[in-house]
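Residue-level structure breakdown
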Amino acid sequence: MSKILLTGTMTCAQDEIESVVSLLPMHIRQSRAEPGCLQFELWQDELKPTEFHITEVFRDERAFEAHQDRTRNSDWFRVTGHMMRDYRKSSA
């Protein structure tokens, strides 16, 4: 089985920054606790506060898909689902 790596950037509007930042700790904690999550980093860009960078590593495609399913049913997705994402997914 191949590990799944996702990297990229999510961009929000200036007036959405506070909402995104308020949800970061819970989203990070829940994601890291998922079975098959090997690494989950999500942080706000210091120079462009409307950009959030992500690095995710999951044990396999099944664990990655379970993460996607959980996320789609979360407060995180309800607030950020419409935001522009520039993600790259690969397997190793």
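Scroll up a little and you will see the structure.
Residues numbered from 1 in each chain as written. Predicted model: local features only at pLDDT ≥ 70, side-chain atom pairs only at ≥ 80, totals over all residues. Heavy atoms only, no water.

Focus: the environment of Phe 64
What counts here: Helical segments are the DSSP runs of H or I of at least four residues, strand segments are the runs of E of at least two, and each set is numbered from the N terminus. Any residue under 20% of the maximum accessible area for its type is buried, any over 50% is exposed, and the rest in between are partly exposed; the area is computed with a 1.4 Å probe on protein chains only. Here, residues are in contact when the closest pair of their heavy atoms is within 4.5 Å.
Residue position: Phe 64 is located in helix α2 (residues 61–72). Judged by its relative accessible area of 5%, Phe 64 falls in the buried class. Along the chain, Phe 64 and Leu 38 lie 26 residues apart, while their C-alpha atoms are 10 Å from each other. Leave out the neighbours within four places in its chain, and Phe 64 touches Ile 4, Leu 6, Glu 56, Phe 58 and Lys 89.

Some details on the side chain of Thr 50
Here Thr 50 lies in the loop between β2 (37–44) and β3 (51–58). Residue Thr 50 is classed as buried on the basis of its relative accessible area, which comes to 19%. Setting aside its immediate chain neighbours within four residues, Thr 50 contacts Met 10, Thr 11, Cys 12, Ala 13, Gln 14 and Ile 17.

No statement about biological role is implied by the geometric values presented.
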